[in-house]
Amino acid sequence: MLPRRTLLLVVAHPDDEAVGIAGSIALHGAEPAFRFVLVHATDGAAGLIASGVDATRETLGAVRRIEDEKAWAAHGRAPDRHEWFGYDDGLVAEAEPDELIARIREVMVEERPDVVATFGPDGVTGHPDHIAIGQATDAAFLSLTAAGDTGASGAAAPRRLLHWALKESTWARINAARQATGLPPWDPAQVYHFRGIPDHLVDMRVDTSSVAERVVAGLAEHRSQRLSLFEHPLAHAAWLSATSREYFVQAWPPRERGLPLLTDIFEGLD
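Just so you know, these numbers come straight off a predicted model, no measurement behind them.

Visitor: What exactly am I supposed to notice about the overall build of the protein chain here?
Guide: Regarding its fold elements, the protein chain presents 8 helices and 7 strands. Taken over C-alpha atoms, the radius of gyration comes to 18 Å for the protein chain, in line with the 18 Å a tight globule of 270 residues would show. In terms of overall dimensions, the protein chain has C-alpha extents of about 55 × 45 × 35 Å along its principal axes. Residues classed as buried in the protein chain amount to 51% of the 270 residues present. The long-range share in the protein chain, meaning contacts at least 24 apart out of those at least 6 apart in sequence, stands at 79%. For the protein chain, the exposed area adds up to about 12,100 Å²; of that, 56% sits on carbon and sulfur atoms. A distance of 5 Å separates the average location of the 25 positive side-chain charges in the protein chain from that of its 39 negative side-chain charges.

What follows is the structure in structure tokens.
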């Protein structure tokens with residue numbers, strides 16, 4: 001039997017996790033040894049309210065929490081532990097940095113995850129909340145690693161830090177498809193628009209084609225945000241294609257350039 005393998009995912013808003021790592025979670029979801037811990041900095045109360053969604057500005061945060069639960073049910077694997085930190089949507093970057101780092105670090109100490117995943121420096125979409133929660137997670141992770149902290153239980157510190165990434169080549173291909181179907185192109189200079197990173201910086205490529213339908217089904221449960229997600233008749237097929245693979249940068253430990261890409265979030269840790 002495999003030893004317990006724990007993933008800690010730290011993001012800003014509900015639906016941040018819907019694309020980028022949900023497929024990797026679905027791949028491991030049925031394994032008895034897999035533990036999934038999810039942290040949301042905010043419930044997204046300042047987000048979109050799509051037409052036909054029964055939500056107001058006052059109730060949107062609660063609605064999005066319910067949407068998130070439904071999304072993980074559709075994915076087929078709910079978190080074993082789910083923490084909502086309760087920061088104001090859009091203001092995570094204004095939170096006291098030491099407090100935010102300490103809260104994330106506390107979860108790490110309690111859970112001792114093998115893998116921690118969060119946003120990289122670009123926040124994928126440039127959202128300040130994404131960037132802030134990614135920086136705080138990195139700082140919490142590295143504080144444990146640098147200290148060689150093993151905690152009272154004697155368990156090892158987290159072993160791998162991943163940043164979800166969109167390859168530059170994939171970004172260009174999707175952007176061309178958007179323009180060909182009449183959608184406006186992504187502009188990486190604007191907040192909320194996806195950014196790509198140079199292909200050679202990617203350390204991991206996970207084939208999630210076998211669970212892509214589940215990922216898209218979960219994505220669709222974030223109904224309040226569907227204005228931007230399913231605004232074109234070809235969107236479902238496009239999302240299926242986009243969620244058939246996931247890419248990550250291994251932020252720690254750093255990998256030597258030119259090595260074969262890793263193919264699973266836990267590869268090489270057993």
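Now, onward.
Visitor: It is not clear to me how unusual backbone geometry should be interpreted in this structure. Could you clarify?
Guide: With the exception of glycine, the majority of residues adopt a negative phi angle, and the majority of peptide bonds are in the trans configuration. In this structure, the amide linkage connecting tryptophan 252 to the following residue, proline 253, adopts the cis form with an omega of -10 degrees. Following the sequence through the fold, proline 253 ends up in the segment after strand E7 (245–252). Phi is positive for arginine 112, close to 45 degrees, though the residue is something other than glycine. Relative to the helices and strands, arginine 112 is located in the loop between helix H3 (97–111) and strand E4 (115–119).

Visitor: Quick question: what am I supposed to make of the sheet that holds strand E6 (residues 204–207) here?
Guide: Remark on secondary structure: sheet strands pair via backbone hydrogen bonds, oriented parallel or antiparallel. With respect to topology, 7 strands assemble into an open sheet ordered E3-E2-E1-E4-E5-E7-E6, the strand pairing being mixed. Looking at the sheet topology across the chains shown, the edges are occupied by strand E3 (81–84) and E6. On average, each strand axis in the sheet is tilted by 25 degrees relative to the strand beside it, whichever way the strands run. Both strand E5 (residues 160–165) and E7 contribute to a ladder of 5 bridges, which runs antiparallel. Of the residues in E7, the one forming a bridge with leucine 161 is tryptophan 252. The strands that helix H2 (residues 60–75) touches are strand E2 (34–40) and E3; relative to E2, the one it contacts most, it runs at about 160 degrees.

Visitor: What am I meant to see in the pairing of E3 here?
Guide: Each regular strand shows side chains that alternate between the opposite faces of the sheet. Relative to E3, E2 runs parallel, the two being bridged by 4 bridges. Each residue of the ladder has a partner; that of valine 39, found in E3, is glutamate 83. Read from E2 through H2 to E3, the crossover connection turns out right-handed.

Visitor: I would appreciate a short explanation of the packing of aromatic side chains in the present structure.
Guide: Centre-to-centre distance and the angle between the planes together describe a pair of aromatic rings. With the rule as written, the count across this model stands at 7 aromatic pairs. With 4.8 Å between their ring centres and 50 degrees between their planes, tryptophan 186 and phenylalanine 194 make a pair best called tilted. When sorted by exposure, tryptophan 186 lands in the same class as phenylalanine 194, which is buried. Taken together, the ring pairs in this structure connect Phe34, Phe36, Trp72 and Phe266 into an aromatic cluster. Taking NZ or CZ as reference, arginine 103 lies 4.2 Å from the ring centre of phenylalanine 85, over its face.

Visitor: What am I meant to see in the side chain of aspartate 15 here?
Guide: Tracing the backbone shows aspartate 15 in the loop between strand E1 (5–11) and helix H1 (22–28). Separated by 3.3 Å, the side chains of aspartate 15 and arginine 64 make a polar contact.

About the thresholds
- Residues numbered from 1 in each chain as written.
- Predicted model: local features only at pLDDT ≥ 70, side-chain atom pairs only at ≥ 80, totals over all residues.
- Heavy atoms only, no water.
- Helix = DSSP H or I, 4+ residues; strand = E, 2+ residues; numbered from the N terminus.
- Rg over C-alpha atoms; globule rule 2.2 N^0.38 Å.
- Buried < 20%, exposed > 50% of the residue type's maximum accessible area, 1.4 Å probe, protein only.
- Contact = heavy atoms within 4.5 Å.
- Areas by Shrake-Rupley, 256 points an atom, 1.4 Å probe, with all protein chains shown as cover.
- Lys, Arg positive; Asp, Glu negative; His and termini not counted.
- Charge placed at Lys NZ, Arg CZ, Asp CG, Glu CD.
- Pairing = 2+ DSSP bridges.
- Axes fitted to C-alpha atoms, helices over the stretch in contact; angles between N-to-C directions.
- Right-handed = clockwise from strand over helix to strand, strands pointing away.
- Phe/Tyr/Trp six-rings, centres within 6.5 Å; stacked < 30°, edge-to-face > 60°.
- Lys NZ or Arg CZ within 6 Å of the ring centre and 35° of its normal.
- Polar contact = N/O pair within 3.5 Å; in protein donor to acceptor, adjacent residues only side chain to side chain.

Coordinates in, geometry out; function isn't part of it.
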